[in-house]
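Listed below are the residues making up each chain.
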Amino acid sequence: MSEKRSKLQIFMDILFLIQKENGKAKPTRILYGANLSHSSLKEYLDDLISNGFIEEVKDNKHSLFALTEKGYQFINESRKIKRLTEAFGISI
Amino acid sequence: MVIMIESIPLWFYFITSVIYSSSAIAGFLVSYFAFRAYKMTKNKPLMFLFLSFLILGIGFVILAVTNIYIYTTLEFYRSSSVSLNLLNYQGFRTYYIFSSIGYILLTLMYLPKKVMNKLFIIYVPIWYASSFNFHLLSIVLLLYIIIQSIINSIRRKNFDAYLVTFAFICLLVFHSLLILTSFSQTMYIGANIFLIIGFLSLLLMLIRVNFK
């Protein structure tokens, strides 16, 4: 049975997914990619925006979520943390 | 370790000081990166990782200072009637206490969360007057840590996890050989070689984690 993801883990999943989509992603892509419900997606996106990791941008009337400089830095740090915790077998 | 003071060549105390200092630096580096990760995640096991390597590092600093002290003063004590053993003993005993706390915290890191939450008080055994007791406890704790680390390595199939497991195995060999030092001084030299290999393995893991 897989463990319940922590808030940080979900943040990381969303940010990694946006990065994989060249730094910008549609909410529906995030919804399916990060395996979230509609209500929790909104909550996490709001949290990420208020932390300054992502910003909402308009592209041909579509709403997209783009990574900010702070978001890229967070991804970089969280990758290192992920590798360190995996090396020691710590789940975050 | 205490009994052997006269039988180990003087120059080796200098070498061991370098080994203990290097181990302390590696320990502090692990602690620093674990602290950075803890600050960002507020994850309890990361706090234990940070504290355990910090305390292990302090223990090695104490050991390095003790060995340097022996290195610089042994000739004087040999030519006088004053016994060096008491000072030597205090240095090692302080190391035993720090190191034991470090290993206990590492063990806590691997305990299931439900158990970990109940263990908020860490009992510090004061009966570590005997190096045998200390090494035996270290071996038992390290065995548990190694089993958890092997399980993680098998699950992840990750080279960094193999390096961590290897480092803990080296620490286990270090303590096992130190128990046998009263039989042969080669054990003491061998133990220290395993110690430095273990911490180099942790350093390599840190380099891979941060610069890959």
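Residues numbered from 1 in each chain as written. Chains lettered and ligands numbered in written order. Predicted model: local features only at pLDDT ≥ 70, side-chain atom pairs only at ≥ 80, totals over all residues.

Help me out: how do you make sense of the overall build of chain A in this one?
The number of helices and strands found in chain A is four helices and three strands. When the helices and strands of chain A are listed from N to C terminus, the series reads α-β-α-α-β-β-α. Computed over C-alpha atoms, the radius of gyration of chain A comes to 13 Å, within 12% of the 12 Å expected from 2.2 N^0.38 for 92 residues, which places it in the range of a compact globule. If you line up chain A on its principal axes, its C-alpha atoms span 45 × 30 × 20 Å. (Helix = DSSP H or I, 4+ residues; strand = E, 2+ residues; numbered from the N terminus. Rg over C-alpha atoms; globule rule 2.2 N^0.38 Å.)

Would you mind showing me how to read the packing of helix α1 (residues 7–20) of chain A against helix α4 (residues 69–88) of chain A here?
A pair of packed helices is characterised by two quantities: the angle between their axes and the separation of those axes. All names here are of chain A. Between α1 and α4, whose axes approach to 10 Å, the crossing angle comes to 115 degrees. Our pair here, α1 against α4, has a crossing hand that is left-handed. Two secondary-structure elements touch here, α1 through Met12, Leu15, Phe16 and Gln19 and α4 through Gly71, Phe74, Ile75 and Ser78. The class makeup of the residues in the contact of α1 with α4 is five nonpolar, three polar and no charged. (Axes fitted to C-alpha atoms, helices over the stretch in contact; angles between N-to-C directions. Left-handed = near helix turned anticlockwise from the far one by under 90°. Contact = placed C-beta atoms within 7 Å. Nonpolar A, V, L, I, M, F, W, Y, C, P; charged D, E, K, R; others polar.)

Sorry, what's going on with the interface of chain A and chain B here?
For interface size, the figure often reported is the accessible area lost on association. The interface of chain A with chain B comprises 13 residues on the first partner and 21 residues on the second. Of the residues forming the side of chain A that touches chain B, the biggest block, nine residues, is contributed by α4(A). Grouping the amino acids of the side of chain A that touches chain B by side-chain chemistry returns seven nonpolar, two polar and four charged.

Whenever I open this one, the confidence of the model for chain B confuses me. Can you help?
It should be kept in mind that the predicted coordinates are not to be read in detail where pLDDT is low. Residue and element names in this part refer to chain B. Scored by pLDDT, chain B has a mean of 85; 83% of the residues are at 70 or more. Looking across chain B, the model is least confident in helix α4 (residues 113–118), with a mean pLDDT of 63, and most confident in helix α6 (residues 159–179), with 96. Complex prediction metrics read pTM 0.84 and ipTM 0.84. (pLDDT = per-residue confidence, 0-100.)

What should I look at first to understand the packing of α4(A) against helix α1 (residues 10–41) of chain B in this one?
Interhelical geometry of α4(A) versus α1(B) gives an angle of 115 degrees and a closest axis separation of 10 Å. Relative to α1(B), the crossing made by α4(A) is left-handed. Residues A:Glu77, A:Ile81, A:Leu84 and A:Thr85 of α4(A) form the contact with α1(B), whose participating residues are B:Phe33, B:Ala34, B:Ala37, B:Met40 and B:Thr41. Here the contact of α4(A) with α1(B) is built from residues that sort into six nonpolar, two polar and one charged.

Which parts of the structure should I look at to understand the environment of A:Leu15?
Residue and element names in this part refer to chain A. Take Leu15: it is sitting in helix α1. With 59 residues separating them in the primary sequence, Leu15 and Phe74 have C-alpha atoms 8.7 Å apart. The contacts of Leu15, once residues within four sequence positions are left out, are Phe53, Leu67, Gly71, Phe74 and Ile75.

When you look at the sheet that holds strand β2 (residues 54–59) of chain A in this model, what are you seeing that I'm missing?
As a general point, the strands of a sheet are linked pairwise by backbone hydrogen bonds and lie either parallel or antiparallel. Residue and element names in this part refer to chain A. Read across the sheet, three strands follow the order β1-β3-β2 without closing on themselves; strand pairing throughout is antiparallel. Every interior strand has two partners, whereas the edge strands, β1 (24–25) and β2, have only one. With six bridges connecting them, β2 and strand β3 (residues 62–67) associate as antiparallel partners. The residue bridging Glu56 from the neighbouring strand is Phe65, located in β3. Across the sheet, α1 lies against β1, β2 and β3, angled at about 105 degrees from β3, the strand it touches most. (Pairing = 2+ DSSP bridges.)

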